[in-house]
Amino acid sequence: MEKLKYIIEDSTISEVLGVQNFTNEESAVLELVKNAYDAQSVDVIIVISKSQIIIEDNGIGMNRQKILEAWMHVGISDKEYIVGDGENSRVLAGSKGVGRFAIARLGAEASVYTKMDGQEAILWKTDWNTNTLETCYEMKRRGTKIVIGKLRDNWTEPRVCNLREFLSRTYNDDKMKIQIDYKEDRKTVMRYFGKIQLGVNCVSIIRLQYLAGFQKLICDIKSDEFKENVKELCPGINIKEQKTELNIVNELDYIKNELYEEAATEEWKELLENVGNFSAELYFSLKNPSTFDAEKYFYKHKILDERYESGVILYRNAFSISSYEGKKDWLGFGKRSRKSPAAASHPSGSWRVRENQMSGKVIIDKKENKGLSDLMNRQGLVENDIYKVFIAIIITGINYFERYRQNIIRCIANKYNESKEEKKPKVIDSVMKNPQKLMELSLEEKKLFMDELEQMKKDNKTSKNQIDETEKRYKYDIRLLNILATSGLKATSIAHELYNDRNSIDENVDYIINALKRYELWDVVNDFENTKYMHRDIPALLEKNRRVNKRIINFMDVMLSESEKDQFVPEDVNIYEFFINIKSVWEKDYSWINIQLHIEESLEYRSSKDIFRVIFDNLILNSIQQNDAENILEIHIYAEKKGKYINMMYMDKGKGLSEKYKFEPLRILEVHETSRKKGHGIGMWIVNNTIVNTGGEIKKIEGLDGFKIEFMLGDKI
């Protein structure tokens, strides 16, 4: 047997692994800077001119043997995990053994001068067709100097400026000084994320620490976004800081359902461990808050002097990973905000941070997070299951911040508007009654008159802004509800078509049985030999068909009755009778549920039936879906009139909320929050939105021992 090895032309290697492998010139320069870092260089100087690029470091250098055995061996790397000790230690950036071909991306020819301590200097030269190696007598100090000629790019001043900014974002260490020299103007590359200052670079810092062994995410928020008087408006919320530990096993159960079977708990925990420990420090600020919003929500800082705008950068130890240096929305902020575009003040919609509101850094480690592996071209990560879970963990922390901030904004909007005293312009009132009085006003009254006019102008502007905000809110609501309405219309249309065949659906099984009896086949099909196998047991199949047909008829009746116009007409509703009807419909469809009503038979309330139906159909459906493994489910509904409101309580004796909601139950009201596989997470949002739109509110939700929700409905229809 003859063993064979590939033979590849040098020019092909340089083209594939160099010119085509690096997406831009900045990433190619970064790769050579990483090589200098791995060589334990203290300084690296990049000199750029129109004809050549020189990259010079004072690292350990190379000798002839290293050139022959490592430099010329494609795909091999002699780099360990870490070099040096203590504060001087470095986690090495390279590992693929192809980084040197970044030179080919920059130029068509190159000379590499290199020297190790106590050994002769050597010169390696290439035009990517021919490589030569010779002794170099001019180089006296250790290090490596790369001279690249026949440049493939036109290096103008803006391009050099882009390189400087790129390296500023992508280098996250201080063990090596990077300098760029262009036209004899040498500038040091400064780390983009230096010393962070609230009110200068951002208004909130979100620190995340994932502990893989415990499957916990520690979220630590520091904020200086709001003025001090917000503490009085929101006494139950710490507006300066918030810290918690999130159980990632529970938080990401929706991903587990996508990747594993229900019983695969150990495999799921192993995946969460394989992600490895990592940390993140994210910086939030609004880009250009309006003066109106700044006043309304008591923002402490309208303009930040040195606002971070780089996006979120993913660092593996000292360097960022290409394609994750802030320009790419790799965390999907845009997609999340388009899916849930509600403003932070929205009473029921979930606010999501926008792309231009968040920057920061996520830091992973070469060994600790080895499951997050680089693509061969070092321009991204392999998007496997570990990567998917890694992203989801970060988003879980961001989601916690979003809820924290939205609670403050909602609190300000509610409490401030409630406590705001209505200002009645007395002078204007008197002038409007008697215009002649305008000529008789004293100097003080004239000043008051002008102040009141200014206030009216300001109030008109405020009212317009509030109208615009309300319009945006309802556009958001309509988008979500249109999805469900469209599905409902399709189902109603099908129900109308089926209704014409209602008699056939209801009676067909009896017709088939009677026909079999008439042809004297009924006793034959009931014979033991013919009923041993399920798929041949005709009587059993017919009974199963009867049950299915009955459910189809129930579906038609429900769809057609609930879409009738009179469901939406305001009237004095007898609450007890209405819920008797709801109880009978649900218990007929689901024999294993038992609904008990605690409502006075004479209780009436002016409303429209669709409001009650939307709320309680969603609540009952949630109970059924959450407890579908139970043999029997007990549900209790309470109602009591209190002035212009009706207080209601709904509870079931099931297994309660999923773990991630048990200690933060109000989260279930946020749109798209669900723990079920293929769940849409809109049901409880609809419940909350319907209650809020009547002028009511949800008072309490509990989910530790069964499920319980208390709320009040208002008289707005």
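Between its terminal C-alpha atoms helix α19 (residues 609-626) stretches 26 Å, which fits the 26 Å expected from 18 residues at 1.5 Å a residue. Within α19, 13 of the 18 residues are buried, leaving the element largely enclosed by the surrounding structure.

As a further point, take the packing of helix α18 (residues 575-589) against α19. In the contact formed by α18 and α19, the axes pass within 11 Å of each other and the chain directions differ by 35°. As α18 packs across α19, the resulting crossing turns out to be right-handed. Only Lys609, Phe612, Arg613, Phe616, Asp617, Ile620, Leu621 and Ile624 of α19 make contact with α18, whose side of the interface consists of Ile575, Phe578, Phe579, Asn581, Ile582 and Trp586. The residue inventory of the contact of α18 with α19, partitioned by class, reads 10 nonpolar, 1 polar and 3 charged.

Turning our eyes to something else, we now look at the environment of glycine 84. For glycine 84, the location among the structural elements is in the loop between β3 (82-83) and β4 (90-91). Spatially, the C-alpha atoms of glycine 84 and glutamine 40 are 8.4 Å apart, while their sequence positions differ by 44 residues.

Right, let's talk about the nonpolar core for a bit. By size, the foremost hydrophobic cluster in this structure holds 65 residues, and its most contacted members are Trp330, Met358 and Phe390. The element that contributes the greatest number of residues to this core is helix α12 (residues 385-419), accounting for 18 residues. Not counting residues within four places of it along the chain, the set of residues in contact with tryptophan 330 comprises Val312, Ile313, Leu314, Tyr324, Val362, Tyr387, Phe390, Ile391 and Ile394. Listed in part, the 44 residues of the second largest apolar core include Val33, Met62, Trp71 and Leu167.

Another point: the side chain of glutamate 670. If you trace the backbone, glutamate 670 turns up in the loop between α20 (659-662) and α21 (683-693). Buried charge without a salt bridge: glutamate 670, with arginine 403 as the nearest opposite-charge side chain at an N-O distance of 4.3 Å.

A sheet is described by the order of its strands in space; here 8 strands give the open sequence β7-β6-β5-β8-β2-β1-β9-β10, paired in mixed fashion. The two strands at the open ends of the sheet, each matched to only one other strand, are β7 (131-136) and β10 (185-188). Geometrically, the sheet is characterised by an average inter-axis angle of 15° between neighbouring strands, direction not taken into account. In this structure, strand β1 (residues 43-48) lies alongside strand β9 (residues 177-182), joined through 6 bridges in parallel fashion.

Together, Met450, Leu453 and Met456 make up a nonpolar patch on the protein surface, roughly 270 Å² of accessible area in all. Mapping leucine 453 onto the fold places it in helix α14 (residues 443-499).

Cut-off values and rules
Residues numbered from 1 in each chain as written. Predicted model: local features only at pLDDT ≥ 70, side-chain atom pairs only at ≥ 80, totals over all residues. Heavy atoms only, no water. Helix = DSSP H or I, 4+ residues; strand = E, 2+ residues; numbered from the N terminus. Expected span 1.5 Å × (residues − 1). Buried < 20%, exposed > 50% of the residue type's maximum accessible area, 1.4 Å probe, protein only. Axes fitted to C-alpha atoms, helices over the stretch in contact; angles between N-to-C directions. Left-handed = near helix turned anticlockwise from the far one by under 90°. Contact = heavy atoms within 4.5 Å. Nonpolar A, V, L, I, M, F, W, Y, C, P; charged D, E, K, R; others polar. Core = buried A, V, L, I, M, F, W, Y, C linked by side-chain atoms within 4.5 Å. Lys, Arg positive; Asp, Glu negative; His and termini not counted. Salt bridge = Lys/Arg side-chain N within 4 Å of Asp/Glu carboxyl O. Pairing = 2+ DSSP bridges. Patch = residues over 30% accessible without salt bridge, like charges linked within 9 Å, V, L, I, M, F, W, Y side chains within 5 Å. Areas by Shrake-Rupley, 256 points an atom, 1.4 Å probe, with all protein chains shown as cover.

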